[in-house]
Amino acid sequence: MGGSGMAQAGRGGAWFILAAAILWGTTGTSQALAPVGANPMTIGALRLAVGGLALLLLAVARGGFTKGMRWPLIPTLCAGGCIASYQLTFFAAVKTTGVAVGTMVGIGSSPVMAGILAFLVLGERPGRRWAGATALAVAGCSLLLATGGEVSVNPLGIVLALGAGLSYAAYTLAIKALLAGRSPDAVIAVAFCLGALFLAPLLVGADLSWLPSVRGAVVVLHLGLIATALSYRLFARGLQTVPVASAVTLSLAEPLTATILGVTVVGERLTLTSLGGILLIFGGLALLAVGPRNRPGRP
């Protein structure tokens, strides 16, 4: 594939990742709307169970698994373990320190971690465009975080959110390694089914009395089918052509979506500081999603 074709593929992959991040931006609000008695650990386990089953059925139906396909042990276990740890740390962070802070710190910290991991493990050099886009997006997240006195910052919640950011960065790295020569459907299905198995013990003896309610069922189905199965399939497709560090920076569309939902659904007010943060994130995402235009005559 020539340089122009690769650039087009990279931009196309960026839009898939942006679409996935927008769907992820609904998870914090969805978890906050869960019925009383819903535990974040249980919600995370149910999300992986529903999403993993849906992804597995899709992969089988699309012929994603072929005979003789080998799965390297370390990247496969890392992918499943990291997606499981992300569920635990993210939902616990949201419950401990709130949707806004938990989302901003968890997702806002992940691009830097992803850039470091990608350089150390894969030898990827993110480059100045990624650095500029990440700086803009993280600055925007910081402005969104500084929205006023109603925001509660809990030290334990911050630690949990940082753990979620590290888990997400490591998961992206593992998925990138597994995608070589394998179907994205199969890779995501294996990762999430493993994650669901790791979290299955949390469902033993758990209080699931809230689940049969309409709100409880809608929350779990939304998290499992839309914010997991659909979104991570889009993410894996985009990750085929987008470097790890850039992919994680593009994922900062998640807190942007969470903020917009807070304004439109929950009724939160958008301050000038918040508006400035949104504009900065938009700028960083556009810098990566649109990319440089190829000059005429260049390969």
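What counts and what doesn't
Residues numbered from 1 in each chain as written. Predicted model: local features only at pLDDT ≥ 70, side-chain atom pairs only at ≥ 80, totals over all residues. Heavy atoms only, no water. Axes fitted to C-alpha atoms, helices over the stretch in contact; angles between N-to-C directions. Helix = DSSP H or I, 4+ residues; strand = E, 2+ residues; numbered from the N terminus. Left-handed = near helix turned anticlockwise from the far one by under 90°. Contact = heavy atoms within 4.5 Å. Nonpolar A, V, L, I, M, F, W, Y, C, P; charged D, E, K, R; others polar. pLDDT = per-residue confidence, 0-100. Phe/Tyr/Trp six-rings, centres within 6.5 Å; stacked < 30°, edge-to-face > 60°. Buried < 20%, exposed > 50% of the residue type's maximum accessible area, 1.4 Å probe, protein only. Lys NZ or Arg CZ within 6 Å of the ring centre and 35° of its normal. 1 Å grid on protein atoms, 1.4 Å probe; cavity = no way out; pocket = protein on both sides within 12 Å on 5 of 7 lines; lining within 4 Å. Points joined across faces, edges and corners; volume = space filled by probe spheres on them.

Asker: Help me get a handle on the packing of helix 3 (residues 40-61) against helix 8 (residues 184-199), residues and values and all.
Answerer: Contact pair helix 3 / helix 8: the axes reach a minimum separation of 8 Å and the direction vectors enclose 150 degrees. Helix-helix and strand crossings are classified by hand; for helix 3 and helix 8 the assignment is left-handed. For the pair helix 3 and helix 8, the contacting residues are G44, A45, L48, A49, G52, L55, L56, L58 and A59 in the first and D185, A186, I188, A189, F192, C193, G195, A196 and L199 in the second. Its residues assigned to classes, the contact of helix 3 with helix 8 comprises 14 nonpolar, three polar and one charged.

Asker: Please give an account of the confidence of the model for the chain that cites residues and values.
Answerer: As a note on interpretation, predicted positions should not be read in detail where pLDDT is low. Per-chain confidence: the chain averages 79 in pLDDT, with 85% of residues scoring 70 or above. Scored below 50 in pLDDT, residues 1-9 makes eight contacts in the model with residues more than four places away or belonging to other chains. A low-confidence stretch, residues 292-299 (pLDDT under 50), is modelled with seven contacts involving residues beyond four sequence positions or located in other chains.

Asker: A description of the packing of aromatic side chains should follow, citing residues and the corresponding values.
Answerer: Inspection of the entire model under this criterion finds eleven aromatic pairs. Aromatic pair W24 and Y232: ring centres 4.8 Å apart, planes at 45 degrees, arrangement tilted. One end of the pair, W24, is in helix 1 (residues 3-24); the other, Y232, is in helix 9 (residues 214-239), and 208 residues separate them in sequence. The pair formed by W24 and Y232 is uniform in burial state, with each residue classed as buried. Pairing F65 with W71 gives two aromatic rings, centres 6.5 Å apart and planes at 50 degrees, and the pair type is tilted. F65 sits in the partly exposed class, given a relative accessible area of 31%. Aromatic ring contacts, followed pair by pair, group W24, Y86, F90, Y168, Y171, F192, Y232 and F235 into a single cluster. Across from the ring centre of W71, 5.5 Å away, lies the NZ or CZ of R182, which sits over that ring.

Asker: So what's going on with empty space enclosed by the protein? Which residues, and what values?
Answerer: For the structure on display, the rule yields one cavity of 30 Å³ or more. If you add up the space inside the largest cavity, you get close to 40 Å³. A per-class count over the lining of the largest cavity returns five nonpolar, one polar and two charged.

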